[in-house]
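# Observations on chain architecture
The lines below spell out each chain.
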Amino acid sequence: MCGIIGYIGNKATKNILLEGLKNLEYRGYDSSGVAILGDNIQIVKEVGKIENLKNSIAKQELQGNLGIGHTRWATHGMPTENNSHPHFSNDKKFAIVHNGIIENYLELKEKLQKLGYKFISDTDTEVIVHLYHYYYNGDMIDTLAKVIKDLEGSYAVCVLSEEHKDKFVVAKKDSPLIIGLGEDENFVASDMPAILKYTKNYYLLEDGEMALINKDKVTIYDDNKKIISKEVLYFDFDTDLAEKNGYEHFMLKEIFEQPSCIKKCVSKYIADNDVNFESFSKIEEIIKNTKNIHIVACGSAYHAGMIGKYAIENLARVRVNIDIASEFRYKNPILEKDDVCIIISQSGETADSLSALRLAKENGVKVISIVNVFGSSIARESDFVFYTLAGPEIAVATTKGYSTQVFLLYLFALKLAFIRGAISKDQFNAYISNIKQVENDINESLKLNDKIKDIANKYCHLENAFIVGRGIDYYLSLESSLKLKEISYIHSEAYASGELKHGSIALIDKDSLVIGIITDESLSAKTISNLKEVKARGAKVLVFAKEGIEGLEDVVDDAIFVPSKEEFFMGITGIIPMQLFSYYVAKERGCDIDMPKNLAKSVTVE
Ligand code: G6P
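Conventions adopted
- Residues numbered from 1 in each chain as written.
- Predicted model: local features only at pLDDT ≥ 70, side-chain atom pairs only at ≥ 80, totals over all residues.
- Heavy atoms only, no water.
- Helix = DSSP H or I, 4+ residues; strand = E, 2+ residues; numbered from the N terminus.
- Rg over C-alpha atoms; globule rule 2.2 N^0.38 Å.
- Buried < 20%, exposed > 50% of the residue type's maximum accessible area, 1.4 Å probe, protein only.
- Contact = heavy atoms within 4.5 Å.
- Lys, Arg positive; Asp, Glu negative; His and termini not counted.
- Charge placed at Lys NZ, Arg CZ, Asp CG, Glu CD.
- Pairing = 2+ DSSP bridges.
- Axes fitted to C-alpha atoms, helices over the stretch in contact; angles between N-to-C directions.
- Near = heavy atom within 4 Å.
- Polar contact = N/O pair within 3.5 Å; in protein donor to acceptor, adjacent residues only side chain to side chain.
- Areas by Shrake-Rupley, 256 points an atom, 1.4 Å probe, with all protein chains shown as cover.
- Nonpolar A, V, L, I, M, F, W, Y, C, P; charged D, E, K, R; others polar.
- Salt bridge = Lys/Arg side-chain N within 4 Å of Asp/Glu carboxyl O.
- Core = buried A, V, L, I, M, F, W, Y, C linked by side-chain atoms within 4.5 Å.
- Domains from an automatic or database assignment.
- Right-handed = clockwise from strand over helix to strand, strands pointing away.
- Buried area = accessible area lost by both parts, 1.4 Å probe.
- Expected span 1.5 Å × (residues − 1).
- Arc of directions from axis to C-beta.

## A few points about the overall build of the chain
Regarding its fold elements, the chain presents 20 helices and 27 strands. Relative to the 2.2 N^0.38 estimate, which gives 25 Å for 606 residues, the radius of gyration of the chain is 25 Å and therefore close to what a compact globule would have. With the C-alpha coordinates of the chain rotated into their principal frame, the extents come out at 75 × 55 × 45 Å. Looking at the chain residue by residue over its 606 residues, the buried ones come to 62%. A sequence separation of at least 24 residues applies to 71% of the contacts in the chain between residues at least 6 apart. The distance from the centre of the 71 positive side-chain charges to the centre of the 87 negative ones in the chain is 1 Å.

Structural data, given as structure tokens:
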């Protein structure tokens, strides 16, 4: 996690760093800081959000044509000023920012302390700056190469040296770093939205590479210090996507962007009534005969994967194992020849998902990834990648990232079912024309906004919620529960509704809210009867049901009916009301919706 930024050029360095950090704040917001090189290096740091740093910097003269900045998600040491980046060398001649974890820092720290270096923070990062000082020989790249040889773990690191007022250096391993190319100015950042205002041209630094950044030149080195050439990439996204555009929060904006994201996926991936995945012909032979598919992901991407499992098993009748990435990598998974692994990740940088991918590949299993961020590590390391085309997602709680993942999983399931002969051409055609309707269904669901807002205001004071459903509605409940707890801080748990009575019903009383998700008509009577059980124990019952579901009158306190033309695809549409409900509950409770406490969007640590 953590976001880093660097700038060299003739513009006001401090403003560029602050703007960049603001756009990287989703990566962590425990503290932030900048180092600007004028006559010497000046560092300003503040605990808390970038706003605090901005206020603090406003009072200071910070002149210089190059600087680096950092927004932190604390791992080693509390969010204090001393633990904030940038970190200074003892003589204040060098400053660094770092994203990642240095696993051998204790050993390096001990070595450096014996050499007389004084540590002022509890961070793993501080060893890097003292090592840099220790190895410094006047050549910034040569020194950096020596430093990274000693480091174990992950890093995207930028170094400023007081002696060199026309350059800074960076290196990367297992944490993202891009180099933005401007005219008479250059940038580095953890990702493109941080610098989109200034340039869309960039280099993607690979693991083991280093770069020397001057204002008019970028020189890239491999791990043997050999200069290498790289392709300039173009970040093909509308800058508007990284702005709120009149919405109060990014989350609300991103919820409302979902129809257009689905539309993009439809036009990219459905052509002539067929699923048109680029490179699908290459994987066709592999997946045609595979016996097992492994889906591996974290957080909401894992919940999307559960719907993917449901769709693949139901349509294609192929066995799907699904695992949380942090479990998969340590459980000695059974991976067989001809198995296929699907890794799902919005950011494409989640550390556990990336390690799971590598484990699958080591075992000879082909990896297909479903990723949002172009050129991210997971996308690059996969054998095949399908992009979700959701555009930059800024709010920490994912919405459009999730629904586009589910959409692509459905398409994958349909194509797989067809090529394996599990569904006929007519059935396939019917599904394809129905899935194209999902955009409309989402638009219709979004029209429930005001109604959902009123209901959210009615229930927002409750402190405990159970969210229950069966089948696909259970998977929707898992994602709904995560949405609610992560942004509103209401304790919420998802249950398969038939399971509630096996223990947890003991917690139900008049202060409990039980939310039923009922989109699968064939299971509705069962879920309704489970809701009656909680109603009888005094719980408030709120239901989000597909239009046409009957028999709710005696059991619900409130119900919202979600329009849908096609029940099977409710795995995509069914989440919209709960995204809105969670948003309005959090808003009413005064929570920091786009940046919930303790979270970060891109989880690049184990
Ligand atoms: C974090 C985010 C979640 C996300 C999860 C997996 O916890 O807050 O929204 O679902 O990471 O991230 P990924 O980028 O791999 O989808």
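Having seen the model, we can carry on.
## A word on the sheet that holds strand S21 (residues 366–371)
With parallel pairing, five strands are arranged side by side in an open sheet as S19-S18-S20-S21-S22. Only two strands of the sheet have a single neighbouring strand rather than two, namely strand S19 (319–324) and strand S22 (384–387). Strand-to-strand twist of the sheet, defined as the mean angle between neighbouring strand axes without regard to direction, takes the value 20°. Relative to S21, strand S20 (residues 340–345) runs parallel, the two sharing six bridges. The residue of S21 that forms the bridge with cysteine 341 is valine 367.

## Quick notes on the site of the ligand
Around the ligand, the surrounding shell holds 13 residues, and the nearest of these are Ser300, Ser345, Gln346, Ser347 and Thr350. In this structure, an oxygen atom belonging to the ligand sits 2.7 Å away from a main-chain N or O atom of glutamine 346. Here an oxygen atom of the ligand and a side-chain polar atom of serine 347 are 2.6 Å apart. Protein burial of the ligand: of its 380 Å² of free accessible surface, 88% is covered by the chains. The dominant element in the shell around the ligand, judged by the number of residues it contributes, is helix H9 (residues 299–316), at three residues. Taken together, the residues that form the shell around the ligand break down as five nonpolar, seven polar and one charged.

## Observations concerning the pattern of salt bridges
Two side chains that carry opposite charge are able to pair once their charged atoms sit near each other. Applying the stated criterion to the full structure yields 33 salt bridges. As a salt-bridge pair, lysine 22 and glutamate 25 come within 2.8 Å of each other at their nearest N and O atoms. The exposure class of glutamate 25 is buried, given its relative accessible area of 1%. Measuring nitrogen to oxygen at the nearest pair gives 3.1 Å for the salt bridge that ties glutamate 313 to lysine 309. A residue pair is termed a helical-turn pair when its members lie 3 or 4 positions apart in one helix, as glutamate 313 and lysine 309 do in helix H9 at four residues. According to the relative accessible area criterion, glutamate 313 is partly exposed, its value standing at 24%. Three or more residues are tied together by salt bridges with common partners; here these are Lys172, Lys173, Asp174, Asp207, Arg358 and Glu381.

## So, the side chain of histidine 249
Examined against the element boundaries, histidine 249 turns out to sit in the loop between strand S15 (233–234) and helix H6 (250–256). When near neighbours in sequence (up to four residues on either side) are disregarded, histidine 249 contacts Lys244, Tyr583, Ile593 and Asp594.

## Some words on the nonpolar core
Core analysis: the largest hydrophobic core is formed by 115 residues, its most contacted members being Ile312, Phe407, Tyr410, Phe412, Ile435, Ile572 and Phe581. The biggest single contributor to this core is helix H13 (residues 400–419), with 13 residues. The residue makeup of this core includes at least three contributed by each of domain 2 (243–436) and domain 3 (449–588). Ranked by size, the runner-up nonpolar core spans 29 residues in total, among them Phe94, Val127, Tyr132 and Ile141.

## Concerning the pairing of strand S18 (residues 292–297)
Within a regular strand, side chains alternate between the sheet's two faces. Burial within S18 is extensive, with six of its six residues counted as buried. Burial along S18 is two-sided: the residues Asn292, His294 and Val296 and Ile293, Ile295 and Ala297 are all buried. Across six bridges, the pairing between S18 and S19 is parallel. The partner of asparagine 292 across the bridge, within S19, is arginine 319. Each parallel crossover has a hand, and for S18 linked through H9 to S19 it is right-handed. In the sheet, S18 pairs with S20 via five bridges, with the strands oriented parallel. Its bridge partner being in S20, alanine 297 is matched across the sheet by isoleucine 344.

## Overview of the domain arrangement of the chain
One can read the domain layout of the chain as domain 1 (3–237), domain 2 (243–436) and domain 3 (449–588). Computed over C-alpha atoms only, the centres of domain 2 and domain 3 are separated by 26 Å. With 29 residues of domain 2 at the interface, the matching set in domain 3 holds 24 residues. Buried surface at the junction of domain 2 and domain 3, summed over both partners, amounts to about 2300 Å²; 74% is from carbon and sulfur atoms. Among the residues domain 2 hides against domain 3, the three largest losses belong to His303, Tyr310 and Tyr410. Together they make up 23% of the total.

## Points about unusual backbone geometry
Note that the residue after histidine 85, namely proline 86, is joined by a cis bond; omega there is -5°. By secondary structure assignment, the location of proline 86 is in the loop between strand S4 (66–72) and strand S5 (87–88). Located in the positive-phi region is aspartate 184, a residue other than glycine, with phi close to 60°. Position of aspartate 184 relative to the elements: it lies in the loop between strand S9 (178–181) and strand S10 (186–189). On the basis of relative accessible area, aspartate 184 is assigned to the partly exposed category, the value being 42%. In the Ramachandran plot, asparagine 245 falls in the positive-phi region, its phi being about 50° despite a non-glycine side chain. Along the chain, asparagine 245 turns up in the loop between S15 and H6.

## Digging into the sheet that holds strand S25 (residues 512–518)
Spatially, five strands are ordered S24-S23-S25-S26-S27 in an open sheet, and the strand pairing comes out parallel. In this open sheet, the two edge strands, each paired with only one partner strand, are strand S24 (491–496) and strand S27 (558–562). Between one strand and the next, the sheet's axes are offset by a mean angle of 15°, whatever the strand orientation. Where strand S23 (residues 464–469) lies against S25, five bridges are found, and the strand directions are parallel. Looking at S25, one finds that valine 468 is bridged to glycine 516. Across the sheet, helix H17 (residues 472–488) is in contact with S23, S24 and S25; its angle to S24 comes to roughly 175°. In this fold helix H18 (residues 524–535) packs onto S23, S25 and strand S26 (540–546), with an angle of close to 175° to the strand it touches most, S25.

## Re H18
Given a rise of 1.5 Å per residue, 12 residues ought to cover 16 Å, and the 16 Å separating the end C-alpha atoms of H18 matches this to within 8%. Among the residues of H18, Ser524, Thr527, Ile528, Asn530, Leu531 and Val534 are the ones counted as buried. For H18, the arc enclosing every buried residue in end-on projection is 160°, short of the 170-degree limit, so these residues lie on one face. Along its buried surface, H18 packs onto S23, S25 and S26.

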